[in-house]
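# An overview of the molecular structure
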Amino acid sequence: MNTLSKNRLFQRNEFWLLCLLIVLSLTVGAVNGAFWSANNLFSLFKSTIVTGIFALGVFLVIVSGGIDISFPAFAVFSFYITVKFLLSIKYTGTILLPFLMSMTFGACLGLVNALLLSSFQLAPLIVTLGTGSAVTGFLRAFVGTATLSNLPQPLIDFSRWNIYKKTLADGSIVSFSGAFLILLVLAILIHVMMKRTTLGRGIYAIGGDEVAAKRVGFNVKRLRLFVYSFTGALAGIAGIIHCSLIRLANPRDLEGAEMEVIAAVVLGGASLTGGKGSVAGTLLGVALIVLIKGSLILVGVPSDWQKVVIGLVLITATGLTAWRSRRSDEGGRA
Amino acid sequence: MSKTLIKLTDIDKSFGAASVLRKVSLQLDEGEIHCLAGENGSGKSTLIKIISGVYRHDAGRIELGGRHYPTLRPIDAIREGVQVIYQDFSLFPNLTVAENLALSDQVESGRAWVSWQRVEAIARESLALIGVDMDTSRLVEELPVSGKQLVAIARAVYCNARVIIMDEPTTTLTDREIASLFALIRRLKERGIATLFVSHKMREMLDITERITILRNGEKVAEGRTEDFDEAGITRAMTGRDIRSDRYVWNGVRSDPVLELRDFTRTGDFQGLNLSLYKGEIVGITGLLGSGRTELAETLFGLRNTRERPGGEKNSGKILRNGREIKVRSVSDAIAEGIAYVPEDRLTEGIFAEQPIERNLFANSYPRFKNALGLLDRAKLRELSSALIRAYNVVASNLKLPIRTLSGGNQQKVMLARWISTGAEVLLLNGPTVGVDVGARFEIYRKLREIAAGGVGILLFSDELQELISNCNRIFVINRGRFTHELDTGALQEDELSALLGLSLEEAIQ
Amino acid sequence: MSKRREGGLELRRFLGSGDSNLLQLSLITLATFILMSVLVPDTFLTVRNMRSMSFQFPELGILSLAMMLAMLTGGIDLSLVGMANLSSVICAFTFVKLMPKDLPSDQVVLFIVGVVILALTLGLLCGLINGILIATLHIPPILATLGTMQVYTGAAIVMTRGAAVIGFPEQYAFIGNGSIAGVGVPLLIFLVLLLGLALILRRTAFGMHLVLIGSNAKAARFAGIKVRRHLILTYMTGGALASIAGLIMSSRTNAAKADYGTSYILQSILVAVLGGVNPSGGRGAAVGILVAVLALQFLSSGFSMLRYSNFAKEFVWGLFLLLIMIVNYFTSGESREK
């Protein structure tokens, strides 16, 4: 895209984020060597999977100039219905079907968001607030509230899929979950889509100036439909992976997850006004959040402090961004 | 004989009961540089939207490229090579110059994949077509207005434009940029590309265009070769009046200035300004864009706060009000010192579009209407708002309606009323008749004279030379942050003033 | 429509926005009341139920007033519940750690008064932080309050280690459960706050300024309105309101928890939007909040009586929100064309 001069590199958000990550890792590792253990590192990677897939979807929505807080609800709905259905038919087939089912449910729900937004020109925050609550309520009121613990075998097998496994001297086992590959593949796919396809550039265009996008010939409505359905589909995928990895289908799960995911995407450099951001930045933002959450204990900070620390990080990061953009503005404007 | 690209015959257009265009005809030939002139509300924007297919015409005949179009869709106009450059340019601020240039081609060709090599190639070609060099990897939002305009034009030209329509293209350009733009338009002419300027700015119209069509109140009132017109003739056609007879004369005494600037300086914006404003004067301040004009106005009103500048520049010099030195560090300081400011950009800086007219009237003065309990005195507000509306002749059926339902002229009157009713003694006006139709314009001028007669000193910042000459008793020319000339308007002619501005530029370059 | 508007009660004109929106909302609230009365007349239409409801909705009403203030200025405050809980947790600890046992009753009351003042101070302080982040550092409100929400809730978690804190004195229960002249104390508090806020918004310069800031912050600045000061005061008020809600909540449940009422945030946005607040600022009325929160309370109580789960409530509220927005689109679309 741009010929990245060395100068440009230092200006890029992603670069500083990466530096921050490295510095933090080194710090935590210095305080507690256990940080570098395979067990810890693998577990950190595992934690990024579900949040990361969510974040990829939210990233798309934010770039298009909107926002979405319904995705955890959609994820839970999708995986729960899928699991319930599969259990009822005593499913033992390929893992693909559960994925497809959950993804489709998510996509359909996302489509509803998009239709409501386009047809009635409603604010995305309010619409996704409404659909998210409605779906959560519907699920728990009419489908069930029981935690299902006998997951279909294919899902259990999936949770055992590792791309690296080793038994240590003391008999414990460390394994690197294969689900991480799914995150990687999705990330690469979306990165390519956003950078190399007209569709992706169109999403940036809408976020930049919707009217101009229309004039240039983009079908704004169709692009929106895509973005929200795709996010819904990703939510479905994230949901089924989540439920598989913890081997439980709990309809009360993932409550409040939207806040952390949005924080991750914003930390990653996407602007709330739309048109800016990158997949790399988003993943780095997720990594940062996961790192902080996972490392507090290692450093001796009780996990109680998680929220406080994340909140402070978010405030500092957004404060810095706001301060920096004001400095570069016409100097002197009060 | 060159081909006729656009031929409009007897076009009618109404919106509901309001007739906006009546029997308007226009012709544009290959390579022609044509000006569509008219004041606000003359119908020129509507005509453009009809040419580009955005609006449907009610009656008349449209021929593009010799072909008759009973109904014209935007895609038809684009295919006939009609490209409109809107005032906001329709660019993507978050994307690079290269991508902005290549995007419409990308979309139109229906390609699913983006080849960045191709994007670069298109970008280079587009810029080459208009003879401009630019770093295509920059984000459009980083460009100055003139740069964005060039990108918009390059994009249009690349898309096989045969006619480029530009809506008020020179409003935010410096003189040098205007010269570059005109050079570009002449180059386009050589390639057979016609340019239709929509403008009401005299200097440019006479400088660059070959033919003019003038609209007034939805009708074509004049048309012909530019060289057959002079400023007075065009003005008369556009406004239906002779402005010259109306010059402002000031008969006051030069003592006890209401506002005095002594060696007023703000590093980077302006320096060493000396000015004395007396009661009842209307003093004009004019200069090209970037001359420090707006910066001065805003600093006097406290909008450029001493504290918040990163470079650590300092204010120095003095401001005196009625002989007393004052410090204006914030807007409330300014207001407390009896200084009022009507900004240029009404929509973003002046009015509260969705709020009722009454709230707009008192936005700056609610604290004055507290009764003993600290609550607002509703009755008094109502009384005063009726009085003000009458006094300023604002045409409004219901004061509870949002102010956006008013015309630009009426909105501006509300802005004036808002400030004068606070008893300000110094009124700063920046471009007060931008976006205001002719009728309201003259009312505003009349009102300004009334206000001045009431003892207020007015500083009129404007780049409408005719406006300044008719309504000011003195004019300061500011260039590169310094006052270069102080003139009595007595017998001043517009071309003299215009020449002074041009001169200033040359002086500055040396 | 306009005829009805002008013929409205003087009181409503004093409190309300005069919008057709309000009328529409009142009809909806009336409809829900009638619906519930018809469905479960024996339990819903009882004095007992009316009393019970009148103790339940004020806390949401107060939080919604705070949300309305933030939205009026074009922002949002996601940290309201966090502030409420943090404040009540600190109050709880104050009682547990600082109040001597065996204090005579009248001195307990004094102590409680002191704690109430403490709560208000905490609310103002937290609100001040929000205000500084938003108005001085120019962090977008949604992100700033997202962050402070984490911090305030997190702080409460750290203090309580996730458990509920008990140990409020007996007399404290009066705030959430007592009555004065037959009217429940929470309801009285809510009504007083409502009237006060309505007064401020409609009849003071400060209130006008808030609306103007929400409408066009830049023009407000050009008109000499001290935008930063107004925004900070707005968020501080929000914080104080949140802490009052926290007092009521903890008094009713006789405990303080770090994560009580987390669904209240979304509900308060729902109430604010239903009540006629424009999410992008510049329009809103206090009395709309009252009518909207009543509608939600009727639905909520009715559902409990119908033995619908809480989840069904959430479902209905979600749909309700969407429905109202869609209806708004049509009614405002029509009025725009006129």
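Residues numbered from 1 in each chain as written. Chains lettered and ligands numbered in written order. Predicted model: local features only at pLDDT ≥ 70, side-chain atom pairs only at ≥ 80, totals over all residues. Heavy atoms only, no water.

## Let's talk about the pairing of strand β13 (residues 282-286) of chain B
Residues and elements named next belong to chain B. Most of β13 is tucked away, with 5 of its 5 residues classed as buried. Here β13 shows no split at all, with Ile282, Gly284 and Thr286 on one side and Val283 and Ile285 on the other all buried. When β13 meets strand β18 (residues 457-461), the two strands line up parallel, connected through 4 bridges. Paired with Gly284 across the two strands is Leu460, which belongs to β18. The pairing of β13 with strand β19 (residues 474-479) spans 4 bridges and is parallel. (Buried < 20%, exposed > 50% of the residue type's maximum accessible area, 1.4 Å probe, protein only. Helix = DSSP H or I, 4+ residues; strand = E, 2+ residues; numbered from the N terminus. Pairing = 2+ DSSP bridges.)

## Things to note about the side chain of Gln149 of chain B
Residue and element names in this part refer to chain B. Mapped onto the secondary structure, Gln149 falls in helix α5 (residues 145-158). Residue classification places Gln149 among the buried residues on the basis of a relative accessible area of 4%. Reaching out from Gln149, the side chain makes a polar contact with the backbone oxygen of Pro169 at a distance of 2.8 Å. Residue contacts for Gln149: discarding those within four places in its chain leaves Phe89, Pro169, Leu173 and Leu181. (Polar contact = N/O pair within 3.5 Å; in protein donor to acceptor, adjacent residues only side chain to side chain. Contact = heavy atoms within 4.5 Å.)

## Here we look at the domain arrangement of chain B
All names here are of chain B. Assigned domains within chain B: domain 1 (4-243), domain 2 (245-338 + 425-509) and domain 3 (347-423). Each partner contributes residues to the interface: domain 1 has 17 residues there, and domain 2 has 22 residues. Contact between domain 1 and domain 2 buries roughly 1,700 Å² in total, counting both sides, with carbon and sulfur atoms accounting for 54%. Our count for the domain 1 to domain 2 interface comes out at 1 salt bridge. A salt bridge links Arg441 to Glu39; its shortest N-O distance comes to 3.3 Å. (Domains from an automatic or database assignment. Buried area = accessible area lost by both parts, 1.4 Å probe. Salt bridge = Lys/Arg side-chain N within 4 Å of Asp/Glu carboxyl O.)

## Details of the sheet that holds strand β3 (residues 33-37) of chain B
All names here are of chain B. With respect to topology, 6 strands assemble into an open sheet ordered β6-β7-β8-β3-β9-β10, the strand pairing being mixed. Across the chains shown, the open sheet's two edge strands, defined by having one partner strand only, are β6 (82-85) and β10 (219-225). Neighbour-to-neighbour, the strand axes of this sheet turn through a mean angle of 15°, independent of strand direction. Summarising the sheet, β6 and strand β7 (residues 163-167) pair through 4 bridges and their orientation is parallel. Within β7, the position partnered with Ile85 by the bridge is Met166. Where helix α8 (residues 231-239) meets the sheet, its contacts fall on β3, β9 (211-216) and β10, and the angle it forms with β9 comes to roughly 30°. (Axes fitted to C-alpha atoms, helices over the stretch in contact; angles between N-to-C directions.)

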